[in-house]
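# Structure at a glance
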Amino acid sequence: MEFVGNRINAKTILATLTVAFFVGRINLFGGTFPAAAALITVMIAVSTVYIYLVPVMAAAMLTFSGQGVDFYGDMMAMIFCGIFFLFFHRQRFTINQRTAVTAASLILFNCLYYAASHIMYLFSIEKMILEVVAVVVYIRVFNTVAKVLFVRKFSMQISSEKLGLAYEICVVSLIGAIHFDQAVFPLWVLTAVIVQYCRGVQWAMVTGAVAAVFWKCQFSPDAELFIYIFSALTAGWFLTLLIDVRYRKTVLALSVFAVSAAVSSQQVYGIAAAMAVFIAVPSDIIAKLWCLLQERMAPETASDLDLRMQDIKRDLRKKKEAFLSLGKLYSAGLDGRQIISHQFNGMARTVDSIIDDLSGKGESSRKEKGMAILVGNASYAFGQISGDSCLSFSFGKNKQALVISDGMGKGSRAAAESKMVVTTLSRLMEAGFDVDLAIKTVNAILMADSGEMFATVDLAVIDKGTGRAQIFKMGAASTFVKHGDQVSMLKRPAPPAGIVDGLKLEYIDVRLKKGDLLLMVSDGVTDCDRKDPDCIWLRQRLLEIGSRDPDTVAELIINKAAEKYGIRERDDLTVMVAAV
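The following refers to the structure shown. (Residues numbered from 1 in each chain as written. Predicted model: local features only at pLDDT ≥ 70, side-chain atom pairs only at ≥ 80, totals over all residues. Heavy atoms only, no water.)

### Remarks on the overall build of the protein
Defined as follows: A run of H or I in DSSP becomes a helix once it reaches four residues, and a run of E becomes a strand once it reaches two; helices and strands are each numbered from the N terminus. In what follows, residue pairs with any heavy atoms lying within 4.5 Å of each other are defined as contacts. Working definition of accessibility: Shrake-Rupley area with a 1.4 Å probe, residue cover restricted to the visible protein chains.
When helices and strands are tallied, the protein shows 20 helices and 10 strands. For the protein, the proportion of contacts with a sequence separation of at least 24, taken over those separated by at least 6, is 72%. On the protein, roughly 29100 Å² of surface is accessible, and the fraction owed to carbon and sulfur atoms is 59%.

Okay, here's the thing in structure tokens:
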């Protein structure tokens, strides 16, 4: 996130300090303070100026002195997180990395505190696990709220449902930080009633559920009170549907009060006061305040359906740009019925994928977690211009492609052919064409040229969800896979693109695992030592290289190949490396 500079004034500073103080008092599981460490972790990401919140939250924790609460481990962890993220504020930590640092610091400093105080027997692994879970939740909640309040350009990327839940967790937690049951419970009930009156019974139930979880995390008694509150909210909602609008607020308040008074004598006075305030405040004032809060706290948020439609529209624009780019690329007019046929087929399949997306069945509707693929490349031209071209690009929802093409001959003509091949393949696949259809389209384009154009195609398509790699070869050199202390050589003989009509595409199927390297090369690399057709030198070099950086591996292979050529005539060299 980047701080966009909200105007700082006395009201803003006072509100921030007040919220930070109450966050510092959020005490869960009988002596843990996960919210404090979570807040400073998120706010330092917004701006380093918020380091001043550290002493405020430390002072809030000190209010528990003398109450038998061992908060010093959490306080040290919170201070460490503030200093650590301040010192490394230029590093682009992801939210997961920040969460890991915060959780680790909580565990470490609590262990150090209990060990230094010689009370390790009081250390509870169960409580520590619960605190780590709580800090993960609070970091996500505070990060969502901060994106809207401080980094407004991300507001349309957050659904109103997600933001609403984050705000409810914040409000319930801040009220719970009061630590006075006779005030906390009535305020929670008042919040739920206001939410139901302004937003509906579903969100009121969510508020009650969040409050029940928080109440349980504080080990407070009478957790069953929330069951009766849920019943009261439901009964009040049902009754308000049957009566005049003018009396709905009063009926809702009386329903909640009647149920609460019937089951809890301890909370009856607090509930009565809360419901009296709810009835006394005019409806138009409640509505105006609610609208004002929405404008200030949730600007330009979208529903889940709106965000889904935004993704589909973004994908459609990408497809449109690809089609326009291809139309411009071939505006000179290459004659050939096959090209037109492939284009129509490709567009038909693209439309089919759009229909699947709209119905929730397509790839864009699935969110898959997969492996990270790092790609590097290196090339060397022994002439003025290299006839090789290479490109790495993502397409679909979870796929990575690497492609190398070597144009016919040398110089600018070969470079133009190979560049046209990799550009066309990437544009077609990004637009939604199947891999085989994209390759066949490129083949038809090369064959339609009267100048007898042809080029090699070496294409690897990696599914980041499964690790499966499909390698398509048309006149291309061998591909190498390094797994541990073994290097496999993959090859399949096939003519280059632009020579044979009616291709029957086949591919090499390989499963990549964590730590593997996939190495693709042009034939200039494999032909550097004609006495070694099995490229034993390359396999040995791969085993000798200890680096995991794909760019470094590619450079070292290029240097070794150039060295092996010696003084004899050389071909252009290109290497692409994908590291899992």
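Now that the structure has been shown, the text picks up again.
### Details of the pairing of strand β10 (residues 573-579)
To keep it simple, the criterion reads: Exposure classes here rest on a 1.4 Å probe applied to the protein chains alone. A residue is buried below 20% of its type maximum, exposed above 50%, and partly exposed in between. For two strands to be treated as a pair, DSSP must find no fewer than two bridges joining them.
Burial within β10 is extensive, with 7 of its 7 residues counted as buried. Burial along β10 is two-sided: Leu 573, Val 575, Val 577 and Ala 579 and Thr 574, Met 576 and Ala 578, pointing in opposite directions, are all buried. Bridging between strand β1 (residues 374-380) and β10 involves 7 bridges; their strand directions are antiparallel. The partner of Tyr 380 across the bridge, within β10, is Leu 573. Here strand β9 (residues 517-521) pairs with β10 via 5 bridges, running antiparallel. Paired with Val 521 across the bridge in β10 is Val 575.

### Topic: helix α5 (residues 95-116)
Every α-helix carries 3.6 residues per turn, so stepping three or four residues along brings you back to the same face. Heads up, the rule is: How far a helix is expected to stretch is found by multiplying one less than its residue total by 1.5 Å. As used here, the arc is the angular range of directions from the helix axis to the C-beta atoms.
Between its first and last C-alpha, α5 extends 31 Å over 22 residues, near the 32 Å set by a 1.5 Å rise per residue. Residues of α5 that are buried include every one of Arg 98, Thr 99, Thr 102, Ala 103, Ser 105, Leu 106, Phe 109, Asn 110, Tyr 113 and Tyr 114, and no others. Mapping the buried residues of α5 onto a view down its axis gives an arc of 155°, with all of them on the same face. Elements that come into contact with the buried residues of α5 comprise α2 (34-46), α4 (72-87) and α6 (125-149). Phi turns positive one or two residues past the end of α5, at His 118, with a value near 60°.

### Here we look at the side chain of Ser 389
What counts here: Side-chain atoms alone can form a polar contact between residues adjacent in sequence; in general such a contact is a pair of N or O atoms within 3.5 Å, and within protein one must be able to donate a hydrogen while the other accepts it.
Here Ser 389 shows up in strand β2 (residues 388-395). Here Ser 418 takes part through its side chain, which lies 2.8 Å from a polar atom of the side chain of Ser 389. Among all residues touching Ser 389, those that are not within four sequence positions of it are Val 403, Ile 404, Ser 405, Ala 415, Ser 418, Lys 419 and Val 422.

### Brief notes about the sheet that holds β1
Applied cut-off: Here the axes come from fitting lines to C-alpha atoms, over the contacting stretch only for helices, and the angles between their N-to-C directions go from 0 to 180 degrees.
What the 5 strands build is an open sheet, ordered β1-β10-β9-β6-β7; its pairing is antiparallel. Unpaired on one side and paired on the other, β1 and β7 (486-490) mark the two borders of the sheet. Neighbour-to-neighbour, the strand axes of the sheet open up by a mean angle of 15°, direction not taken into account. In the packing of helix α20 (residues 550-565) onto the sheet, the strands contacted are β1, β9 and β10, and the crossing angle to β10 comes to about 150°.

### Notes on the sheet that holds strand β3 (residues 399-406)
Strand order in the open sheet formed by 5 strands is β2-β3-β4-β5-β8, and the pairing between neighbours is antiparallel. The two strands at the open ends of the sheet, each matched to only one other strand, are β2 and β8 (507-511). Between one strand axis and the next, the sheet turns by 15° as a mean value, whatever way the strands run. Taken together, the 5 bridges between strand β5 (residues 468-474) and β8 define a ladder with antiparallel strand orientation. Within β8, the residue paired with Ala 469 across the bridge is Val 510. In the packing of helix α16 (residues 411-430) onto the sheet, contacts are made with β2, β3 and β4 (457-463), and the angle to β2 comes to roughly 10°. Strand contacts of helix α17 (residues 435-448): β4 and β5, with the helix running at about 15° to β5, the strand carrying the most contacts.

### Quick look at the packing of α4 against α5
Rules: Relative orientations are named as follows: roughly parallel for angles under 35 degrees, roughly antiparallel for angles over 145 degrees, roughly perpendicular for angles from 65 to 115 degrees, and oblique for any other angle. Two helices crossing with the near one rotated counterclockwise from the far one by less than a right angle form a left-handed crossing, whereas a clockwise rotation gives a right-handed crossing.
Running from N to C, α4 and α5 point in directions that differ by 140°, and their axes come no closer than 8 Å. The angle between α4 and α5 places the two elements in the oblique class. As α4 packs across α5, the resulting crossing turns out to be right-handed. Together, Tyr 72, Gly 73, Asp 74, Met 76, Ala 77, Phe 80, Cys 81, Phe 84 and Phe 85 of α4 and Arg 98, Val 101, Thr 102, Ser 105, Leu 106, Phe 109, Asn 110 and Tyr 113 of α5 make up the contact between the two elements.

### Some words on the packing of helix α7 (residues 160-176) against helix α8 (residues 181-199)
Running from N to C, α7 and α8 cross one another at 155°; their axes reach a closest spacing of 9 Å. With respect to α8, the element α7 is oriented roughly antiparallel. Judged by the sense of rotation from one axis to the other, the crossing of α7 with α8 is right-handed. Of the residues in α8, those in contact with Ser 160, Gly 164, Glu 168, Val 171, Val 172, Ile 175 and Gly 176 of α7 are Val 184, Leu 187, Trp 188, Thr 191, Val 195 and Arg 199.

### Looking at empty space enclosed by the protein
This is how it is decided: Points on a 1 Å grid over protein atoms alone make up a cavity when a 1.4 Å probe fits among them but cannot get out, and a pocket when they form an open set with protein on both sides within 12 Å along at least five of seven lines; lining residues each have an atom within 4 Å of a point. Grid points are joined across faces, edges and corners, and a volume is the space filled by probe spheres set on the points. Residues are grouped as follows: nonpolar covers Ala, Val, Leu, Ile, Met, Phe, Trp, Tyr, Cys and Pro; charged covers Asp, Glu, Lys and Arg; every other residue, Gly included, is treated as polar.
Considering all chains together, one arrives at 3 cavities of 30 Å³ or more under this definition. In this structure, the largest cavity spans a volume of roughly 70 Å³. Along the walls of the largest cavity sit Gly 31, Thr 32, Asn 110, Tyr 114, Leu 122, Phe 123, Ser 124, Lys 127, Met 128 and Glu 131, which together make up its complete lining. Every element with two or more residues in the lining of the largest cavity is listed here: α5 and α6. For the lining of the largest cavity, the element with the most residues is α6, which contributes 3 residues. In terms of residue class, the lining of the largest cavity is built from 4 nonpolar, 4 polar and 2 charged.

### A short note on the pattern of salt bridges
Applied cut-off: Salt bridges are identified by distance alone: a Lys or Arg side-chain nitrogen within 4 Å of an Asp or Glu carboxyl oxygen.
Counted according to the given criterion, the structure contains 6 salt bridges. Across the pair Asp 458 and Lys 473 runs a salt bridge, and its minimum N-O distance is 2.9 Å. Linking Asp 458 in strand β4 with Lys 473 in strand β5, this pair joins segments that are 15 residues apart in sequence. No difference in accessibility class separates Asp 458 from Lys 473, as the two residues are buried. For Glu 506, the salt bridge identified is with Arg 492, shortest N-O distance 2.8 Å. One end of the pair, Glu 506, is in the loop between β7 and β8; the other, Arg 492, is in the loop between β7 and β8, with 14 residues separating them in the sequence. According to the relative accessible area criterion, Arg 492 is partly exposed, its value standing at 30%.

### Quick word on the side chain of Asp 516
The condition is simple: Here the positive residues are Lys and Arg and the negative ones are Asp and Glu; neither His nor the chain ends is included.
Structurally, Asp 516 can be placed in the loop between β8 and β9. For the buried residue Asp 516, which engages in no salt bridge, the nearest side chain bearing the opposite charge is Arg 548, 7.0 Å off. Looking at Asp 516, its side chain comes within polar contact range of the main-chain nitrogen of Lys 513, at 2.9 Å. Residues within four places of Asp 516 in sequence aside, it is in contact with Lys 482, His 483, Arg 511, Arg 548, Ala 578, Ala 579 and Val 580.

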